[in-house]
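# Notes for the structure review
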Amino acid sequence: MVVTACSPHDPRACTPPRSYWPVPRAPIGIQPITSVIALTRDGAIRWNGDSVSFAALRQYLETSHRLNPEPQIVLDTEMGISCRMLERVRNQMDRALECRKPYARCAEGLRPVREDTRWGAHGPVS
């Protein structure tokens, strides 16, 4: 039997980050605002630490480019996540944020984020 989809019992890793997405780096000078999408192995999607539905994530992504300054969106994942969900979120980020454009604000990997500032779709949240 051949299994082609990722599953919780599949020891293979998901596909690597997209080649045109940068790895988040600590900036020199003023640090840009960063929003973090975290995917967890239990299937949760988190936006800056808060659990959100995929529909809410889509809305946040579609409105985030209207913020001034526009935040960098960083995708952070745990080992053992659903590869299907990972690709779904990557595809949504690509569509909403136009990640192939120069200076796009998409990134994947460990993030150097200030943990004292959280941003929602419309600005800082307390």
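Please read all numbers here as calculations on a predicted model, not as lab measurements. Starting afresh in each chain, residues are numbered from 1 along the sequence in its written order. In view of the model being predicted, local features appear only for residues whose pLDDT reaches at least 70, and side-chain atom pairs are presented and counted only at 80 or more, with totals across whole chains, interfaces and linings using the full set of residues. The side-chain numbers reported here are obtained from all heavy atoms of the structure, hydrogens and water having been left aside.

## Observations concerning the overall build of the protein chain
Heads up, the rule is: Each helix is a run of H or I in the DSSP string that is no shorter than four residues. Each strand is a run of E no shorter than two, and both are numbered from the N terminus. Accessibility here uses a 1.4 Å probe with only protein chains present; expressed as a share of the type maximum, an area under 20% marks a residue as buried, one over 50% as exposed, and anything in between as partly exposed. Two residues form a contact once any of their heavy atoms are found within 4.5 Å. Method for areas: the Shrake-Rupley scheme with a 1.4 Å probe, in which residue coverage is limited to the protein chains shown.
From N to C terminus, the protein chain includes two helices and seven strands. Sequence-ordered secondary structure for the protein chain, helices as α and strands as β, is β-β-β-α-β-α-β-β-β. In the protein chain, which comprises 126 residues, the share counted as buried stands at 39%. The long-range fraction of contacts in the protein chain, counting pairs at least 24 apart against all pairs at least 6 apart in sequence, stands at 72%. Entry remark: accessible area of the protein chain is about 8300 Å², with carbon and sulfur atoms responsible for 54%.

## Quick notes on unusual backbone geometry
Across the junction of Asn68 and Pro69, the peptide omega takes the value 5°, indicating a cis bond. Relative to the assigned elements, Pro69 resides in the loop between α1 (54-64) and β4 (72-77). Although it is not a glycine, Asn48 sits at a positive phi angle of roughly 50°. With respect to the helices and strands, the residue Asn48 is situated in the loop between β2 (45-47) and β3 (50-52). The class of Asn48 is buried, set by a relative accessible area of 12%. Of note in the backbone geometry, Glu98 takes a positive phi value of approximately 50° without being a glycine. Mapped onto the elements of the fold, Glu98 is located in the loop between α2 (83-97) and β5 (106-108).

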